[in-house]
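# Observations on chain architecture
Each chain, written out:
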Amino acid sequence: MEQADKDEAEKLCSQLYECCHENPSLLQRTVQSLYYQLFTVISDQRRSQQLTGDELRMTPEAILEHTEGLFFYQDLHQSLIEALDDFWRDLNSSESENSSVYLIKSYIQRHYGNPMLSTKEISEYASLSASYACTIFKNETGQTLNQYLTEYRLSKAQELLNDPRNTVATVSTMVGYNDSNYFSKAFKKYTGISPSVYRERRIK
C-alpha cells in the first residue's frame, strides 16, 4: 500500500483467503484479530496519504466493533476487499489536497455527531481563523464549510438508517441533530424522501 502496488496487495489478499479457508481449525477470534490488524493498516495508510473518507468508521474502536460484528469469514474478507477498493479508488482520484482542507474534513468526520460542533471549533483545530477557514474551504472545494458538514451528516444518516435497529430519532441524535423534526426536513431536502420512508425502503 505504501508503494501503491495494487497487484501485490490483491495477491496477498488471495493468499490470505486461501490460508484461512483451508484451515477451518482457526479460531474465530484469531481470524477476527488478524483482520482487525489489516483494517488498521488501511486506516493508517489513509491518514498517511491524507485521503479523506469515512474517518469515523476507521477509528480503532469502530474497527474493533466492525470485525467483532462479522461472524462469518467470508463476510470479514469481503469487507476487507471493499475497504481496499475504497482506498485504491480514493488514492487514484485524489489530487494533492490543501492540508488545511484535509484537517477540516477529518475533524468534521470525527466529530459530526456533536450537535454543538461549530466553525470556530473546526477552524481552531486547523489553526486558522474562522473567516479564513470558511474562505479557503470554499475556494478549494466549491462548498461552504456548513454545506459540507450538513451533507456529511445526512450521508451518515443514510448509512445508519440501513440498520433496522436504529430508529429515526436515534439516527437524528447520532448525526448531530437535537431536533428530530428539523433533521427530517433536512433529510428530505437532501434525499427527496423522509427518513422514515427511506428506512422502510432500505429494510425491505
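The structure contained in this document is the topic of the report that follows. (Residues numbered from 1 in each chain as written. Predicted model: local features only at pLDDT ≥ 70, side-chain atom pairs only at ≥ 80, totals over all residues. Heavy atoms only, no water.)

### Quick word on the overall build of the protein chain
Heads up, the rule is: Numbering goes from the N terminus for both helices and strands, where a helix is a DSSP run of H or I of at least four residues and a strand is a run of E of at least two. Here's how the labels work: a residue is buried when its accessible area is under 20% of the maximum for its type, exposed when over 50%, partly exposed in between, all with a 1.4 Å probe on protein chains only. For this analysis, residues touch if any pair of their heavy atoms sits within 4.5 Å. The accessible surface values rely on the Shrake-Rupley method and a 1.4 Å probe; as for residues, cover is taken only from the protein chains in view. His residues and chain termini do not enter the charge count, which takes Lys and Arg as positive and Asp and Glu as negative. Here the site of a charge means NZ on Lys, CZ on Arg, CG on Asp, or CD on Glu.
Helix and strand counts for the protein chain stand at eleven helices and zero strands. In the protein chain, the succession of helices and strands from N to C terminus is α-α-α-α-α-α-α-α-α-α-α. Reported as C-alpha extents along the three principal axes, the dimensions of the protein chain are approximately 55 × 40 × 25 Å. Within the protein chain, the fraction of its 204 residues that count as buried is 36%. Once local pairs closer than 6 in sequence are excluded, the contacts in the protein chain between residues at least 24 apart make up 68%. When the accessible area of the protein chain is evaluated, it comes to approximately 12200 Å², of which 50% is carbon and sulfur surface. Of the charged side chains in the protein chain, 21 are positive and 28 negative, and the gap between their average positions amounts to 10 Å.

### Side note on unusual backbone geometry
Within the chain, Ser127 stands out as a residue other than glycine whose phi angle is a positive 60°. Looking at the secondary structure, you find Ser127 in the loop between α6 (119-125) and α7 (130-141).

### A word on the pattern of salt bridges
Definition in use: Salt bridges are defined as contacts in which a side-chain nitrogen from Lys or Arg sits within 4 Å of a carboxyl oxygen from Asp or Glu.
Tallied over the entire structure, the rule returns eight salt bridges. In this structure, Glu68 engages Arg29 in a salt bridge whose closest nitrogen and oxygen atoms are separated by 3.0 Å. On the criterion of sequence distance, the pair formed by Glu68 in helix α3 (residues 60-68) and Arg29 in helix α2 (residues 28-48) is long-range, its members being 39 residues apart. Look at Arg29 and you get exposed, because its relative accessible area is 57%. When salt bridges with common partners are traced through the structure, they connect Arg46, Asp86, Arg89 and Asp90 into a single cluster.

### Comments concerning the nonpolar core
Just so we agree on the cut-off: The criterion is simple. A nonpolar core is a set of buried Ala, Val, Leu, Ile, Met, Phe, Trp, Tyr and Cys residues joined through side-chain atoms within 4.5 Å.
Ile104, Ile108, Ile122, Val175, Phe183 and Phe187 are the most contacted members of the largest nonpolar core, which totals 28 residues. Going through the elements one at a time, α5 (99-111), α7, α8 (145-161), α9 (168-174) and α10 (180-191) are the ones with two or more residues in this core. Ranked by residue count, the leading element in this core is α8, at eight residues. Setting aside residues up to four positions removed in sequence, Ile108 forms contacts with Ile122, Leu145, Tyr148, Leu149 and Tyr152.

### Quick notes on the environment of Gln3
Among the structural elements, Gln3 can be located in the segment before α1 (6-21). Between the alpha carbons of Gln3 and Asn162 there is a distance of 35 Å; along the sequence they are 159 residues apart.

### Concerning the environment of Lys105
Following the sequence through the fold, Lys105 ends up in helix α5. Exposure remark for Lys105: the relative accessible area of 13% places this residue in the buried category. Separated by 103 residues in sequence, Lys105 and Glu2 place their C-alpha atoms 22 Å apart.

### Notes on the packing of aromatic side chains
Note the cut-off: Ring geometry is summarised as follows: Phe, Tyr and Trp rings, the Trp one being its six-membered ring, pair when their centres sit within 6.5 Å, and such pairs are stacked at plane angles under 30 degrees, edge-to-face over 60 and tilted between the two. Note on geometry: a ring has a charge over it if NZ (lysine) or CZ (arginine) is within 6 Å of the ring centre and within 35 degrees of the ring normal.
Scanning the entire structure with this criterion turns up nine aromatic pairs. Between the aromatic rings of Phe187 and Tyr198, the centroid separation amounts to 5.5 Å while the plane-to-plane angle is 70°, which identifies the pairing as edge-to-face. Separated by eleven residues along the polypeptide, Phe187 in helix α10 and Tyr198 in helix α11 (residues 195-203) bring together distant segments of the chain. Three or more aromatic residues link up through ring pairs in this structure, and these residues are Tyr177, Tyr182, Phe183, Phe187 and Tyr198. A cation over a ring is seen here: Arg153 above Tyr177, with NZ or CZ 5.9 Å from the ring centre.

### Here we look at α8
Convention followed: For a helix, the expected span equals 1.5 Å multiplied by the residue count minus one.
Helix length check: α8 (17 residues) gives 24 Å between terminal C-alpha atoms against 24 Å at 1.5 Å per residue, within 8%. Listing the buried residues of α8 in full gives Leu145, Tyr148, Leu149, Tyr152, Arg153, Leu154, Lys156, Ala157, Leu160 and Leu161. On its buried side, α8 packs onto α5, α6, α7, α9, α10 and α11.

### Some words on the packing of α5 against α8
Counted only if it meets this: The axes used here are C-alpha line fits, helices contributing only the stretch in contact, and every angle between their N-to-C directions lies in the interval 0 to 180 degrees. Working rule for handedness: look at the near helix, and if it is turned counterclockwise from the far one by less than a right angle, call the crossing left-handed; if clockwise, right-handed. Three classes are used: nonpolar for Ala, Val, Leu, Ile, Met, Phe, Trp, Tyr, Cys and Pro, charged for Asp, Glu, Lys and Arg, and polar for all others, with Gly counted as polar.
The interhelical angle for the contact between α5 and α8, taken along N-to-C directions, is 35°, at an axis separation of 10 Å. Considering how the two elements wind past one another, α5 and α8 form a crossing that is right-handed. Taken together, the residues of α8 that come into contact with α5 (itself represented by Ile104, Lys105, Ile108 and Gln109) are Leu145, Tyr148, Leu149 and Tyr152. Here the residues of the contact of α5 with α8 sort into six nonpolar, one polar and one charged.

Remember that the coordinates give geometry; whether it matters functionally is a separate question.
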